[in-house]
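Spelled out from the first residue to the last, the chains are:
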Amino acid sequence: MRASHLGLMIVFALFVSVVFGTLMRDEPREQLRFGAQLFTAFVVGGIALGWILYFFPL
Amino acid sequence: MRATTADREQSAIYTYLICLAAWAIPGAGHLLLGRIQKGLTFLITLPLMFAFGLWLEGRLFPVEIGQPLVALAALADMGIGVAFFIARSAGAGAGRVVALTYEYGNAFLIVAGLMNMLVVLDAFDVAQGRK
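Worth saying up front: this structure is predicted, and the values here are computed from it rather than measured. (Residues numbered from 1 in each chain as written. Chains lettered and ligands numbered in written order. Predicted model: local features only at pLDDT ≥ 70, side-chain atom pairs only at ≥ 80, totals over all residues. Heavy atoms only, no water.)

Draft legend 1. A look at the overall build of chain A. Each helix and strand in chain A was counted, giving two helices and zero strands. For chain A, the C-alpha radius of gyration of 14 Å lies well beyond 10 Å, the compact-globule estimate for 58 residues. For chain A, the spread of C-alpha atoms along the three principal axes comes to 45 × 30 × 10 Å. Burial status across chain A gives 22% buried among its 58 residues. Of the roughly 4300 Å² that chain A leaves accessible, carbon and sulfur atoms contribute 72%. (Helix = DSSP H or I, 4+ residues; strand = E, 2+ residues; numbered from the N terminus. Rg over C-alpha atoms; globule rule 2.2 N^0.38 Å. Buried < 20%, exposed > 50% of the residue type's maximum accessible area, 1.4 Å probe, protein only. Areas by Shrake-Rupley, 256 points an atom, 1.4 Å probe, with all protein chains shown as cover.)

Right, here's the structure in full:
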């Protein structure tokens, strides 16, 4: 099975964003907006954290 | 006065039944409470995330009191409800530690269970009339 770390992180972010967006807001429009914000934060935050950790060798 | 107490008891039983349904089948609590859009979203998303975790060769942890972290992971896994026991009885979720996606699978399984617990709490609030 071929699976990239980035791809799995994006799928994970998508699931979590959909659930939290639905849970935290009542109107579908607000749910979509909040979910999109969460998704962006997850993906951008994950990539940023990945680059920060890149400079710390194991 | 007696009728009021009986009403309260009935209401409490109803609330706990809603929570039980919400835990057993993700989204069922919201569907029973008439929140169709939310219920359907949870009904599709959470089991799909759980199935994704199994597909990624994650492990359904056993309850081992001697290993607190494993026991906590097991509790989180069980948060998804009936799907956990179906997967367990079907022999899924053995977890292959050497698989590239093992840790991702665990993350998907555990987070799906934990998010369903939040969904149960939300259903509880809705049933109590707080939301």
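Draft legend 2. Examining the side chain of B:Thr45 more closely. Within the secondary structure, B:Thr45 sits in helix H3 (residues 36–55). In this structure, B:Thr45 is in contact with A:Phe15, A:Val18 and A:Val19, ignoring residues within four places of it in sequence. (Contact = heavy atoms within 4.5 Å.)

Draft legend 3. Up close: a nonpolar patch on the surface. Residues and elements named next belong to chain A. On the surface, Leu-6, Ile-10, Ile-47, Leu-49, Trp-51, Ile-52, Leu-53, Tyr-54, Phe-55 and Phe-56 cluster together into a nonpolar patch covering about 1100 Å² of accessible area. Every element with two or more residues in the nonpolar patch is listed here: helix H1 (5–24) and helix H2 (28–54). The element best represented in the nonpolar patch is H2, accounting for six residues. You can see Leu-49 is positioned in helix H2. According to the relative accessible area criterion, Leu-49 is exposed, its value standing at 52%. (Patch = residues over 30% accessible without salt bridge, like charges linked within 9 Å, V, L, I, M, F, W, Y side chains within 5 Å. Salt bridge = Lys/Arg side-chain N within 4 Å of Asp/Glu carboxyl O.)

In short, shape yes, function no, at least from these values alone.
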